[in-house]
Amino acid sequence: MDCIFCDIIKKRSKAEIIFENEKVISFLDIRPVNSGHALVVSKEHFDNFLTISPESLKELIVATQFIAGAVKRAVNAEGFNIVSNNGTVAGQTIFHFHFHIIPRFKNDFHFRFDTKPYNESSLKESGKSIRQVISKYKDIFHG
Ligand code: AMP
Ligand code: ZN
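Here we summarise the structure given alongside this text.

## Remarks on the site of ligand 1
Right, on to step 1. Lining the immediate surroundings of ligand 1 are 16 residues, of which Asp-29, Asn-85, Thr-93, Ile-94 and His-100 lie closest.
Right, on to step 2. Asn-85 has a polar side-chain atom sitting 2.8 Å from an oxygen atom of ligand 1.
Right, on to step 3. One nitrogen or oxygen atom from the main chain of Ile-94 is found 2.9 Å from an oxygen atom belonging to ligand 1.
Right, on to step 4. Protein contacts shield 85% of the accessible area of ligand 1, which totals 500 Å² for the unbound molecule.
Right, on to step 5. The site holding ligand 1 turns out to be the largest pocket.
Right, on to step 6. Put simply, the parts of the chain that give the shell around ligand 1 at least two residues each are helix H1 (4-9), strand E2 (24-28) and strand E5 (98-104).
Right, on to step 7. When residues of the shell around ligand 1 are assigned to their parent elements, the largest contribution, three residues, is made by H1.

## Focus: the nonpolar core
Right, on to step 1. The biggest cluster of nonpolar side chains holds 13 residues, and the ones touching the most others in it are Val-40, Leu-60, Ile-67 and Ile-101.
Right, on to step 2. Sorting the residues of this core by element identifies strand E3 (38-42), helix H2 (54-74) and E5 as the ones contributing at least two each.
Right, on to step 3. For this core, the leading source of residues is H2, giving five residues.
Right, on to step 4. Residue contacts for Ile-67: discarding those within four places in its chain leaves Ile-18, Phe-19, Ser-26, Val-40 and Ile-101.
Right, on to step 5. Judged by nonpolar contacts, the second largest core, of nine residues, contains Ile-8, Ile-9, Leu-39 and Val-41.

## Quick word on the pairing of strand E4 (residues 79-83)
Right, on to step 1. Of the two faces of E4, the one holding Gly-79, Asn-81 and Val-83 is buried and the one holding Phe-80 and Ile-82 is not buried anywhere.
Right, on to step 2. Where E4 meets E5, five bridges bridge the pair, whose relative direction is antiparallel. Note on E5: the bridge partner recorded for Val-83 is His-100.

## Re unusual backbone geometry
Right, on to step 1. For Lys-11, which is not glycine, the phi torsion reads 65 degrees and is therefore positive.
Right, on to step 2. Its location among the elements puts Lys-11 in the loop between H1 and strand E1 (17-20).
Right, on to step 3. Positive phi is not limited to glycine here, since Asn-107 has a value of about 60 degrees.
Right, on to step 4. Owing to a relative accessible area of 77%, Asn-107 belongs among the exposed residues under this scheme.

The rules behind these values
Residues numbered from 1 in each chain as written. Chains lettered and ligands numbered in written order. Predicted model: local features only at pLDDT ≥ 70, side-chain atom pairs only at ≥ 80, totals over all residues. Heavy atoms only, no water. Near = heavy atom within 4 Å. Polar contact = N/O pair within 3.5 Å; in protein donor to acceptor, adjacent residues only side chain to side chain. Areas by Shrake-Rupley, 256 points an atom, 1.4 Å probe, with all protein chains shown as cover. 1 Å grid on protein atoms, 1.4 Å probe; cavity = no way out; pocket = protein on both sides within 12 Å on 5 of 7 lines; lining within 4 Å. Sits in = over half its atoms within 2 Å of the grid points. Helix = DSSP H or I, 4+ residues; strand = E, 2+ residues; numbered from the N terminus. Core = buried A, V, L, I, M, F, W, Y, C linked by side-chain atoms within 4.5 Å. Buried < 20%, exposed > 50% of the residue type's maximum accessible area, 1.4 Å probe, protein only. Contact = heavy atoms within 4.5 Å. Pairing = 2+ DSSP bridges.

See the structure below:
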């Protein structure tokens, strides 16, 4: 399987690596939103947020918290976004699960989802259909 992030992990491709341990690697995004924009990647290949194992996800999110603090301090950011794109429709381009750490500065750009209000019945209908799926699959959740 061709995967640029697996190639970086195996040191077959270059990257500006900022952190690495047994389970996780982090390197700078080659097309940053802002300087210091980093990616945090599980060393084991999983396609997306739904297929990564809970153990690997825990390692990844704890490393992401640590690295986000370091990025924020290093580039003097005032805040940051943690982003994960899942599926082509959501903007995912590399199908090896990762978190983006995007340092943010006052007035750097406008980042808001385009939101719309529910009407009363569609709010209840959405809640009901999601609760139905959750109750059907609750036995596989061991959080
Ligand atoms: P996503 O679009 O959420 O899947 O994020 C993939 C990110 O990986 C994009 O922001 C790309 O700029 C970045 N990217 C792609 N190839 C490389 C690479 N070789 N080294 C570093 N970042 C990369
Ligand atoms: Zn991979």
